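Survey of secondary and tertiary structure
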Amino acid sequence: MRILVFISVLFGLGGLTAQTALYNNGNLRIHDGGSLGFHTDLINDAPFDENLGLVGFYGDNVSVFGTVVPLFYDVEVAVENDLILTLGLDTRNNTNFIFGDIFTPKANPAVYYNFLADAFYNGEGNLQKINGYAAITNKQDFMFPVGSNDALRPLTLNSESVNPFAKCAYFFQNPSTQSVIPGDFNIEVLDVDIAAVSNMEFWRLEGSVPSTISISWNRESNMANLTDDATTIIPVGWSKVSQRWINLEATFVTGDLEQGFTTSATFVPNDYEIITLGVSQIPFEPLEKEVLTLDNFFVSPNGDGINDRFFVEELAESPNNMVRIYDRFGLKVFEQANYVDEFEGFSNVGNIVFGREDGLPIGVYFYTIDMLDLDLKYQGFLYLAR
């Protein structure tokens, strides 16, 4: 049985003002099955790391500050005006986003929300994410649930080996005029194979292990201002060595000018100051094979016998095929060889922790179809409803 404890302590500042806060200077511990709910600030000046159970941050506005980073097991965030970290926070298991962002100061990358080796999260969205720096420790693959303002803009990292540490934040700012990160990232200073670079947004990614990334665009990315051909969209990075934008070489691109994502070739994140979307001088052509477009599909697995599964009539002509489905951020949620009609709104890949039993969230997904025996490749959109 869980016991939920609410602790509020009056904490004076110079005898002139006062605020409620829990001040930890030692001897706090959450046992297995226990819960501690914060409706007030946490000031942590002593080790607070031998914890199991759940820590919840609730209410209107909650801050965490002090001198010693706390380590929690399960974390739940339901804060109307954000959980504000001026001190980092580590988590070992599940982070449950209910509402409100986890906010870290982007001008201070030393403060971050850190997912340790077995940690994961659920419930992320436009109004519940990490508005600041998210980090991982001893993880190989991860989708950083970062964003800015009212938009979730994650970056998916797939590394060749386990990352001892990696960190990411998203900025809805022009790289040329931003003032948060030291340096001049002029979007006019381009390598020869880049036609243009986004003036709307960028990500900052740190990591020492060779990796690929997937980043997405939406309407606010305004890619139509850079190109009229979505197949030319590429990931680009500002090189620390050459001090110019470098093509990170798209190995996969799907979508249209209003939404889509691209996956990079392998690179070392620490070689680049920031990353964003750009436009190549030539269209992306995977395996020198033309990518054809099928109709968009509607899938509503509600048991009424109409559009309950993703069914593509043309696949009857190609039993030797491969179907892959991605969410709008580029995370692969389904993969099936020799596909017939198996997709009915559930994930079957190992990178999805939630959505296996309850089904994937409603919304737009991208699909790719490789008809291997016909040497044809198709792509398109499907809308998943309930």
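The name given to the protein chain in an unreviewed UniProt entry is Gliding motility-associated C-terminal domain-containing protein, and the organism recorded there is Maribacter flavus.

Time to look at the side chain of Thr 262. Mapped onto the elements, Thr 262 comes out in strand 29 (residues 260-264). Separated by 3.2 Å, the side chain of Thr 262 and the backbone oxygen of Phe 252 make a polar contact. When near neighbours in sequence (up to four residues on either side) are disregarded, Thr 262 contacts Ile 213, Ser 214, Ile 215, Trp 217, Ile 233, Ile 234, Pro 235, Ala 250, Phe 252, Val 253 and Leu 277.

On to the nonpolar core, then. Within the largest apolar cluster, 71 residues are counted, with the highest numbers of intra-cluster contacts made by Phe 57, Leu 83, Phe 115, Phe 144, Leu 155 and Trp 245. When residues in this core are grouped by element, the largest group, five residues, is from strand 22 (residues 166-171). For Phe 144, the contacting residues outside a window of four places in its chain are Tyr 121, Ala 134, Ala 135, Ile 136, Pro 154, Leu 155, Leu 157, Ala 166, Lys 167, Cys 168 and Leu 205. If you look at the next biggest cluster of nonpolar residues, it comprises 20 residues, including Phe 343, Tyr 365, Tyr 378 and Leu 382.

So, on to a nonpolar patch on the surface. On the surface, Phe 298, Ile 362 and Tyr 383 cluster together into a nonpolar patch covering about 300 Å² of accessible area. Note on placement: Phe 298 falls in strand 32 (residues 297-299). Residue Phe 298 is classed as partly exposed on the basis of its relative accessible area of 42%.

Next up on the list: the confidence of the model for the protein chain. Across the protein chain, pLDDT averages 90, with 90% of residues at or above 70. Every residue in residues 1-18 is under pLDDT 50, and counting partners more than four places away or in other chains gives 34 contacts.

The domain architecture assigned to the protein chain consists of domain 1 (21-280) and domain 2 (291-384). Taking the mean C-alpha position of each, domain 1 and domain 2 sit 28 Å from one another. In this assembly, 19 residues from domain 1 lie in contact with 13 residues from domain 2. For the domain 1 face of the interface with domain 2, the top three residues by lost area are Phe 252, Gln 259 and Phe 261, together amounting to 32%. Across the contact surface, domain 1 and domain 2 share zero salt bridges. At the boundary of domain 1 with domain 2, the tally comes to one residue pair in polar contact (both at pLDDT 80 or more). Of all the secondary-structure elements, those providing two or more residues to the side of domain 1 that touches domain 2 are strand 15 (120-122), strand 25 (211-217), strand 28 (250-255) and strand 29. When residues in the side of domain 1 that touches domain 2 are grouped by element, the largest group, four residues, is from strand 28. Of the residues assigned to the side of domain 1 that touches domain 2, the class counts are eight nonpolar, 10 polar and one charged.

This next bit is on the sheet that holds strand 28. The five strands are arranged 18-21-25-29-28 in an open sheet whose pairing can be described as antiparallel. Lying at the two open borders of the sheet, with one neighbouring strand each, are strand 18 (139-144) and strand 28. Strand-to-strand twist in this sheet, taken as the mean axis angle between neighbours without regard to direction, amounts to 10°. As judged from the four bridges shared by strand 25 and strand 29, these two strands associate in the antiparallel manner. Across the sheet, residue Trp 217 finds its bridge partner in strand 29, namely Gly 260.

Here Ser 347 lies in the loop between strand 34 (332-337) and strand 35 (363-371). Ser 347 gets classed as buried once you look at its relative accessible area, which sits at 7%. A polar contact is formed between the side chain of Ser 347 and the backbone oxygen of Val 333, at a distance of 2.7 Å.

Before going further, it helps to examine the packing of aromatic side chains. A complete count under the given rule lists 27 aromatic pairs for this structure. A centroid spacing of 5.7 Å and a plane angle of 55° characterise the contact between Phe 115 and Tyr 121, whose relative ring orientation is tilted. Between Phe 142 and Phe 144 the ring centres are 5.2 Å apart and the planes differ by 80°, which places this aromatic pair in the edge-to-face class. A relative accessible area of 0% means that Phe 144 is categorised as buried. Among the aromatic residues, those joined into a cluster by ring pairs are Phe 97, Tyr 113, Phe 115, Tyr 121, Phe 142 and Phe 144. Between Lys 167 and the ring centre of Tyr 133, over which it is positioned, the NZ or CZ distance is 5.5 Å.

The rules behind these values
Here the residue index of a chain counts from 1 through its sequence in written order. For a predicted model such as this one, the threshold for reporting local features is a pLDDT of at least 70, and the threshold for listing and counting side-chain atom pairs is 80 or more; totals across whole chains, interfaces and linings nevertheless cover every residue. Hydrogens and water molecules were not included; the side-chain quantities draw on all heavy atoms of the structure. Under the DSSP-based scheme used, a helix requires at least four consecutive residues in state H or I and a strand at least two consecutive residues in state E, with every element numbered from the N terminus. The definition of a polar contact used here is a pair of N or O atoms within 3.5 Å, where within protein one atom must be able to donate a hydrogen and the other to accept one, and adjacent residues in sequence count solely through side-chain atom pairs. The contact rule is simple, with two residues in contact once any of their heavy atoms fall within 4.5 Å. Nonpolar core, defined: a set of buried Ala, Val, Leu, Ile, Met, Phe, Trp, Tyr and Cys residues in which side-chain atoms within 4.5 Å join the residues together. Under the scheme applied here, a residue whose accessible area is under 20% of the maximum for its type counts as buried, over 50% as exposed, and between as partly exposed, the area being computed with a 1.4 Å probe on protein chains only. Here the term patch refers to residues with relative accessible area over 30% and no salt bridge, with like charges joined within 9 Å and nonpolar side chains (Val, Leu, Ile, Met, Phe, Trp, Tyr) within 5 Å. Accessible surface area values rest on a Shrake-Rupley calculation with a 1.4 Å probe, where residue burial reflects the displayed protein chains alone. What makes a salt bridge here is a side-chain nitrogen of Lys or Arg within 4 Å of a carboxyl oxygen of Asp or Glu, nothing more. pLDDT measures how confident the predictor is about each residue, on a scale from 0 to 100. The start and end points of each domain follow an automatic or database-based domain assignment. In this description, buried area is defined as the sum, over both parts, of the accessible area (probe of 1.4 Å) that is lost when the two are combined. Residues are sorted three ways: Asp, Glu, Lys and Arg are charged, Ala, Val, Leu, Ile, Met, Phe, Trp, Tyr, Cys and Pro are nonpolar, and all the rest, Gly among them, are polar. Two strands are counted as paired when DSSP detects at least two bridges linking them. All axes here are fitted lines through C-alpha atoms, helices being fitted over the stretch that makes contact, and every angle between N-to-C directions spans 0 to 180 degrees. Any two rings among Phe, Tyr and Trp, with Trp reduced to its six-membered ring, count as a pair given centres within 6.5 Å; such a pair is stacked if its planes are under 30 degrees apart, edge-to-face if over 60, and tilted if neither. Comment: the charge-over-ring label is applied if NZ (Lys) or CZ (Arg) is within 6 Å of the ring centre and within 35 degrees of the ring normal.

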